[in-house]
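Descriptive structure summary
The residues making up each chain are set out below.
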Amino acid sequence: MNIEPADYVIIGAGASGAVVANRLSADPAVRVVLLEAGPRADGFWNRMPSGGLTRMNKPDADWMYKTEPDPSLGGREMVWNAGRMLGGGSAINGMVYIRGDRRDYDQWAGELGCTGWSWNEVLPYFLKSENWQGAPSQTHGSHGPLAVAEARMQHPLAETFIDACEQFGLRRVPDYCAGDVDGAFRNLTTQDNGTRASTARAFLDEAEKRPNLQVVTGALADRVVIENGCATGVVALVGGERVKIAARREVVVSGGTLHSPAILMRSGIGPAQELAKHGIDLVRDLPEVGQNLHEHISFSQSFEVDVPTWNNLFGKVSLAREMLKYVFARRGLMTMIPVEAMAYLRTRPELDFPDVKLSLGLMMFDPVKSGPSDKPGMVVFQNVAKPKSRGEVRLRSADPEDKPVIAPQLVGHPDDLAAMIAGARMVREIFAQPALAKHVVRQVMPDPIPQTDEELTESIKTRSGIGFHPVATCRMGGDEASVVDPRLRVRGIEGLRVIDASIMPIMPAANTNAPSIMVGEKGAAMILEDARVLLKPAPASPVHR
Ligand SMILES: Cc1cc2nc3c(=O)[nH]c(=O)nc-3n(C[C@H](O)[C@H](O)[C@H](O)COP(=O)(O)OP(=O)(O)OC[C@H]3O[C@@H](n4cnc5c(N)ncnc54)[C@H](O)[C@@H]3O)c2cc1C
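A look at the overall build of the chain
If you tally the helices and strands in the chain, you get 14 helices and 28 strands. Since a compact globule built from 545 residues should have a radius of gyration of about 24 Å, the 23 Å found for the chain is in line with a globular shape. When contacts within the chain are restricted to residue pairs at least 6 apart in sequence, long-range pairs at least 24 apart make up 69% of them.

Here it is in structure tokens:
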């Protein structure tokens, strides 16, 4: 296959890469090539909100990375899911829309040296991407491509949960998109009139009609070609063929937190020793490529309640009725979001910022049946809001078809484990508040219910899963050790940027889809600004008469 040279070649069409492709190709004078390893994502199941979730654990749509044994979880190995199709994670995710807190980004810009990334500086990019479906609001943008809406299926117990949080002593947050998430609130969702607003839908559907944007699916990028310290193209496997695509201006790596560091390493950029192990010629020794991996550990507790929840809609007849509702009205169970309310807790009163994040779902799972329980229930997932535990991504080999080695430490830091133990107790206290207690029949999971610190530790280590929010393996920073500088340029290489969740220096206390889209917006804007400076016509020479 021959792919014509482009001005920009982007690797990965996920939450960030799709945005970059859209923004750069808005200029008809430049040619953009977007390479995506996975397939297209435009069928019925991709558009139906719950349908996207069913693509998880399907190898054609999900990378399903198998991790190394996690020493912090007693050596447990896990599957880490990551979207593998146009839209990346946004095509299979839980559709929670959350930006994080003002203090997250002010920490990036201040203490972490990421000049230009304070809350006030990133907010315009959240607004730019957004197509808010609600009443006009100063906090939301309404001219962007990404639909953000209130959930169509809203269960009254989500409100009851917030009441219980208030009784427990948390604030009700009036507008959690305004940079303050400290308390409890109902969350918004990335849905467009009842369909999933993945970045493939929002940023590529229309943009793909532009003649200057070529989207190539089934294109697994092997490495970036670097000549004399400058990125000049990408080598990819397309339909089993090795193809080189020349980049006249820049190469953008947007393969996501688990893949972007592997692409850099295969290109000779990374820890010298690691590259030598795989016989890769060193181009630039950047020891932090693949380091700093952090992810939300996720521990759940579920409670049977005395009123119907979404569990009651999973019978054959009701499912058929709900499907019809979706087909004809884009409403009902198929538009359900797995998280309807969120809350932030301090497990120690002296903390400046909450250390535990809760996500409430109105459907509980039956582990024996491996599906929705027959009883009505609620589930609370808890994460350490900003984990201190760190793992790493390494290469398995120099072969692009070998998935990278993922060596996580989900609760490797004692503060994270302590927060999880205290947080688990606080969840029970919230469910014991009068507003909720009157509906709770019993706690169902974990079974048996852990009581002591030792039992909770054991339960957290054996039962926790992932939060699906890995970040930071190509950390941005103001310091020379960081992988990318605050303009997302790979240190020491010309014409090469990383633009995705991997550049986040520290996890925002939030889910990471909207933050990754913001990174895509801001990264694209910086590319355009830098191109304007570089390509500015030389000042006209003075005319002498
Ligand atoms: C199951 C799940 C549920 C989630 N739920 C939520 C949620 O409800 N709310 C929220 O805010 N966040 C959620 N997230 C997280 C969010 O979706 C991610 O943070 C976001 O998608 C990260 O964006 P990204 O661009 O960094 O990477 P991705 O979106 O993962 O995109 C990377 C893309 O690059 C492609 N790629 C990788 N390597 C190569 C290569 N070598 N060559 C070519 N292409 C390549 C991948 O196939 C993928 O399409 C969830 C994630 C998952 C997996």
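After that view of the structure, there is still more to cover.
Thoughts on the environment of Phe161
As for its placement among the helices and strands, Phe161 is situated in helix H6 (residues 156-168). Residues Phe161 and Phe468, spaced 307 residues apart in sequence, show a C-alpha to C-alpha distance of 24 Å. Setting aside chain neighbours within four positions, we find Phe161 in contact with Ala341, Leu360 and Leu436.

Description of the domain arrangement of the chain
Domain parsing of the chain yields domain 1 (1-63 + 79-115 + 193-295 + 393-405 + 469-535) and domain 2 (152-186 + 297-386 + 412-463). Once you take the C-alpha centre of each, domain 1 and domain 2 turn out to be 32 Å apart. Taken together, the contacts link 19 residues of domain 1 with 19 residues of domain 2. Every element with two or more residues in the side of domain 1 that touches domain 2 is listed here: helix H3 (49-53) and helix H4 (102-109).

Looking at the packing of H4 against helix H5 (residues 119-129)
Relative orientation of the contacting elements H4 and H5 amounts to 120 degrees, with a least axis distance of 8 Å. The orientation of H4 relative to H5 falls into the category oblique. Across from Arg102, Tyr105, Asp106 and Ala109 in H4, the residues of H5 making contact are Trp119, Glu121 and Val122. Residue composition of the contact of H4 with H5, grouped by class: four nonpolar, no polar and three charged.

What about the site of the ligand?
Taken together, 43 residues surround the ligand, and among them Gly12, Gly14, Gly88, Gly89 and Gly94 come closest. Looking at the shell around the ligand, the elements that each hand over two or more residues are strand E2 (32-36), strand E13 (219-227) and helix H14 (513-535). Of the residues belonging to the shell around the ligand, the class tally is 18 nonpolar, 22 polar and three charged.

Describing the nonpolar core
Counting 164 residues, the largest nonpolar core has Val9, Ile10, Ala21, Leu35, Val234 and Met420 as the members making the most contacts within it. There are two domains that each give this core at least three residues, and those are domain 1 (1-63 + 79-115 + 193-295 + 393-405 + 469-535) and domain 2 (152-186 + 297-386 + 412-463). Once you skip the residues sitting within four places of it in the chain, Ala21 turns out to touch Ile10, Ala13, Val32, Leu34, Leu204, Ala207 and Leu213.

Concerning the packing of H6 against helix H11 (residues 414-431)
Viewed as axis vectors pointing N to C, H6 and H11 meet at an angle of 110 degrees, and their least axial separation amounts to 8 Å. Taken together, the axes of H6 and H11 are roughly perpendicular relative to one another. Every residue of H11 that contacts H6 at Ala164, Cys165 and Phe168 is listed here: Glu429, Ile430 and Phe431. Residue composition of the contact of H6 with H11, grouped by class: five nonpolar, no polar and one charged.

Some remarks on H6
Helix length check: H6, at 13 residues, gives a terminal C-alpha distance of 19 Å against a target of 18 Å (1.5 Å per residue), a fit within 8%. At the C-terminal side of H6, Gly169 shows a positive phi close to 120 degrees.

Structural notes on the environment of Thr309
Within the secondary structure, Thr309 is located in the loop between strand E18 (297-305) and helix H10 (316-329). C-alpha separation for the pair Thr309 and Lys375, spaced 66 residues apart in sequence, amounts to 8.6 Å. If we ignore the near neighbours within four places in the chain, the residues touching Thr309 are His155, Leu157, Leu362, Met363, Pro376, Gly377 and Met378.

Considerations on unusual backbone geometry
What is expected of a backbone is that most residues other than glycine have negative phi and most peptide bonds are trans. Omega for the peptide link from Met445 to Pro446 comes to -5 degrees, which places this bond in the cis form. With respect to the secondary-structure elements, Pro446 resides in the loop between strand E26 (440-445) and helix H13 (453-463). The omega torsion across Asp447 and Pro448 is 0 degrees, close enough to zero to call that bond cis. Assignment of secondary structure puts Pro448 in the loop between E26 and H13. A positive phi is found at Asn228, a non-glycine position, where the angle reads about 50 degrees. Assignment of secondary structure puts Asn228 in the loop between E13 and strand E14 (230-238). Phi is positive for Ser370, which is not a glycine, with a value near 60 degrees. If you trace the backbone, Ser370 turns up in the loop between strand E21 (365-366) and strand E22 (371-372). Of the residues examined, Ser370 has 7 C-beta atoms within 10 Å and is grouped as exposed.

As for the environment of Phe299
Relative to the helices and strands, Phe299 resides in strand E18. Distance in space between the C-alpha atoms of Phe299 and Ala424 is 8.2 Å, their sequence separation being 125 residues. Those residues in contact with Phe299 that sit more than four places away from it in its chain are Gln382, Met420, Ala424, Ile460, Arg463 and Ser464.

As for the pairing of strand E23 (residues 377-384)
In the case of a regular strand, side chains alternate between the two sheet surfaces. Counting buried residues in E23 gives eight out of eight residues, a clear majority hidden from the surface. One ladder, built from six bridges, connects E18 with E23; its direction is antiparallel. Residue pairing for E23: Phe299 is matched across the bridge by Gln382.

Regarding the pairing of E2
Most of E2 sits inside the fold, with five of its five residues counted as buried. Inspection of the sheet shows strand E1 (residues 6-11) paired to E2 by four bridges, in the parallel sense. Directly across from Ile10, in E2, lies its bridge partner Leu34. With respect to chirality, the unit in which E1 leads through helix H1 (residues 17-25) into the neighbouring parallel E2 is right-handed. Pairing between E2 and strand E12 (residues 213-217): five bridges, direction parallel. In the sheet register, Val32 faces E12, and the bridge partner there is Leu213.

What counts as what
- Residues numbered from 1 in each chain as written.
- Predicted model: local features only at pLDDT ≥ 70, side-chain atom pairs only at ≥ 80, totals over all residues.
- Helix = DSSP H or I, 4+ residues; strand = E, 2+ residues; numbered from the N terminus.
- Rg over C-alpha atoms; globule rule 2.2 N^0.38 Å.
- Contact = placed C-beta atoms within 7 Å.
- Domains from an automatic or database assignment.
- Axes fitted to C-alpha atoms, helices over the stretch in contact; angles between N-to-C directions.
- Parallel < 35°, antiparallel > 145°, perpendicular 65-115°, else oblique.
- Nonpolar A, V, L, I, M, F, W, Y, C, P; charged D, E, K, R; others polar.
- Near = placed C-beta within 6 Å.
- Core = buried A, V, L, I, M, F, W, Y, C linked by C-beta atoms within 7 Å.
- Buried ≥ 20, exposed ≤ 12 C-beta atoms within 10 Å, placed from the backbone.
- Expected span 1.5 Å × (residues − 1).
- Pairing = 2+ DSSP bridges.
- Right-handed = clockwise from strand over helix to strand, strands pointing away.

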